[in-house]
Every structure is written in C-alpha cells, then in structure tokens.
Amino acid sequence: MDFLMDLHTHTAFSPDSNAPAPEMCVRAHALGLSAYAITDHCEVNCWYEKSHYTPEQLVGFSEQYADLYAFDYARSYEQSVAEITRLKAEYAGKLNLLCGVELGQATADLEVSERIAADPRLDLIIGSLHQLAGEDDFAFIDYFRMTQAEIQALAGRYFNTLLEICRWGKFDVLGHLTYILRYIEGKYHLHVELSAFRDVIAECFTVLIGKGKGIEINTSGLRQSYGKTFPTLEYVRLYRDLGGEILTLGSDAHRPEDLATGIAEGTELARTAGFSHVTLFEKHQPHFVKI
Ligand SMILES: [Zn+2]
Ligand SMILES: [Zn+2]
C-alpha cells in the first residue's frame, strides 16, 4: 500500500497506556506511516479533582476504578501536546506527525471542551464518548447484570448522547462509533439490536456532514474479541450514502506493536463503502489522500 495512515493512537500521557511517545514515533517511522497522529485521552468530565463535581456529575466513580479520578488529565494534556510538538520538530521531514487529542464526553463540560477545541497547537480532535453522566465507563459495566431491555436502553442513551456531541461539533472526526459493542458483544457476547438506532445514527451523520465533520474507521476491534471495525461496513456505507466525505483510519494503538494494525483492512473497507480518498488534518484543515 502506498499510503498508510494511523490517526488514532495513545501514549503514556493516557491513563491506559505505558508507551513513551518517542517509542511510538520510532515505530511509526519504521512502518513508514505517511501520516501519524498521537491522540491522547482527554476526558473532560474528569478534568478537575473529584471535589469539583457534584455527586450527579461524577462518573466512573466505582471505587474499583478510583485511579481514573487520580489521573490528572489537565496536566497530561499539556505534557502530551508539548511532547508531540517537540517530536514534530525532531521528525521534521521524516515523519508526518500530527498533534491530536481524543476528546471524551465533550458535552459533559463545554467550558473545558471549548478551550481544548480552540488550542492552536492541535491538528486533529477526535470526538469520543466513553461514559454517560452518572454512569461508569462502558468498559467497566457488568453487562451480565443487565436485562436485554436495559442493554437496549443503555445503547439508546449512548447514541442520543453521541448526537448531542455531534450537534456541538467542535471536533474533526467522531471517534469509534458503536464503541459500546467492544464490550457488550466483544467481551460479554451479548447482543445489541443496532437496527433500532439506525435513525439516530443517520441523524448523527447528517449533522456531521452539515458541519463538514467526519468519522473514523477504528480498527482496534479487529485485533480484539469483537473482530470488526468501529463502525462496521454497513454504517461507513450509510455515512457515504448520506454524502459523507471525511473519513480517517486509526488503530487506537496503546503500544508500539499495535500501531497501524488493521489499517490495510480498514482501507479496503473504505473502498468497499465507496470512498476513493481518506483524510488527514493539518490544523483542522482536511487533506484528501487517494486510496
Ligand atoms: Zn476511545
Ligand atoms: Zn482511543
């Protein structure tokens, strides 16, 4: 393949990665990536110390996951952006490194989200949703305790909150649409009747397209028990059929050995869905690259 991009990756400035950013860059360079973005987690609903929040605002508060609240997102964000900026200079002419962030739960704290959206150092913002207000991260919910109706209702809250995030829209691409399936289907082998949410997903796409925003094909599911991309071909095609043109590819790697895994399959899926180009960003300006 002539063009191999990976626009969704994490480093040790994310709470769930131990990979130093320089090691990720060494790997990205060795793979010959044409575009590589570091997009560390920025969960705006955990931006301040726990005492800042009312009990209703607190999420991810299970004692079991209390370390998530101990993680200093505000400090790590600054460290990540500073390190990527430094690495951009170090790799100038050798690696097209993009400075990105994965903005989690944007609508949970619009003041913080707006500030990050306006940061002139960023090339790319992925708008993601990992948890709902007052509820745990989807990764930490025990779905075996839920009835099928409760799982459907949770999925409904997930897609409706995504629609709110799309309407806010101050990001470049929507992150890993159908992320909840990583856990509900991939890990717990339970079912979500996605067809029930086709309309709200289509509405998300219509809003995104109207704002000139895109989606990503997140290939992490291909190396996990889910076995598919987020989202699958059906929804990439729906986005395309509704007029969507901006599409990125990301592995969601949290360690060097996962960098760019599944990107070739994701590119093929993009072609099958009717895309002739994928997109990369420079200071939020989309650049289209033929695939
Ligand atoms: Zn994510
Ligand atoms: Zn991620």
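See the structure above.
Residues numbered from 1 in each chain as written. Chains lettered and ligands numbered in written order. Predicted model: local features only at pLDDT ≥ 70, side-chain atom pairs only at ≥ 80, totals over all residues.

Q: Describe the overall build of the protein, listing the residues and the values that go with them.
A: Within the protein, the regular secondary structure consists of nine helices and nine strands. In terms of overall dimensions, the protein is globule-like: its C-alpha atoms have a radius of gyration of 18 Å, near the 19 Å expected for 291 residues. Judged by the C-alpha coordinates and their principal axes, the protein covers about 50 × 45 × 35 Å. Classification of the 291 residues of the protein by burial places 46% in the buried group. Sequence-distant contacts, at least 24 apart, represent 79% of the contacts inside the protein between residues at least 6 apart. (Helix = DSSP H or I, 4+ residues; strand = E, 2+ residues; numbered from the N terminus. Rg over C-alpha atoms; globule rule 2.2 N^0.38 Å. Buried ≥ 20, exposed ≤ 12 C-beta atoms within 10 Å, placed from the backbone. Contact = placed C-beta atoms within 7 Å.)

Q: Kindly report on the packing of helix H7 (residues 198–210) against helix H8 (residues 233–241), identifying the contributing residues and their values.
A: Axis separation between H7 and H8 bottoms out at 9 Å; the angle between their running directions is 45 degrees. With respect to their mutual orientation, H7 and H8 come out oblique. Seen along the crossing, H7 lies across H8 with a hand that is right-handed. Contacts between H7 and H8 involve Ile201, Ala202 and Phe205 from the former and Tyr235, Leu238 and Tyr239 from the latter. (Axes fitted to C-alpha atoms, helices over the stretch in contact; angles between N-to-C directions. Parallel < 35°, antiparallel > 145°, perpendicular 65-115°, else oblique. Left-handed = near helix turned anticlockwise from the far one by under 90°.)

Q: Before we move on, could you go through the pairing of strand E2 (residues 35–43) and cite the residues and values that matter?
A: Counting buried positions along E2 gives nine out of nine residues, so the element sits mostly inside the fold. Once the chain exits strand E1 (residues 5–6) it traverses helix H1 (residues 21–31) before rejoining the sheet at E2, and the crossover so formed is right-handed. Taken together, the eight bridges between E2 and strand E3 (residues 97–104) define a ladder with parallel strand orientation. Within E3, the position partnered with Tyr36 by the bridge is Leu97. (Right-handed = clockwise from strand over helix to strand, strands pointing away. Pairing = 2+ DSSP bridges.)

Q: Describe in detail the nonpolar core, supporting the description with residues and values.
A: Residues Leu98, Leu103 and Ile180 are the most contacted members of the largest nonpolar core, which totals 80 residues. Looking at this core element by element, the count peaks at six residues for helix H5 (residues 148–168). Setting aside chain neighbours within four positions, we find Leu103 in contact with Cys42, Val44, Ser113, Ile116, Ile125, Ile126, Gly127, Ser128 and Phe171. (Core = buried A, V, L, I, M, F, W, Y, C linked by C-beta atoms within 7 Å.)

Q: Tell me what's going on with helix H9 (residues 263–272), and back it up with residues and numbers.
A: For H9, the complete set of buried residues consists of Ile263, Gly266, Thr267, Leu269 and Ala270. Projection of H9 onto a plane perpendicular to its axis shows the buried side chains occupying an angular sector of 160 degrees, all on one side. Away from its buried face, by an angle of more than 90 degrees, H9 presents the exposed residues Arg271 and Thr272. Each element contacted by the buried residues of H9 is listed here: E1, strand E6 (214–218), H8, strand E7 (247–250) and strand E8 (277–282). Just downstream of H9 lies Gly274, where phi reads positive at about 105 degrees. (Arc of directions from axis to C-beta.)

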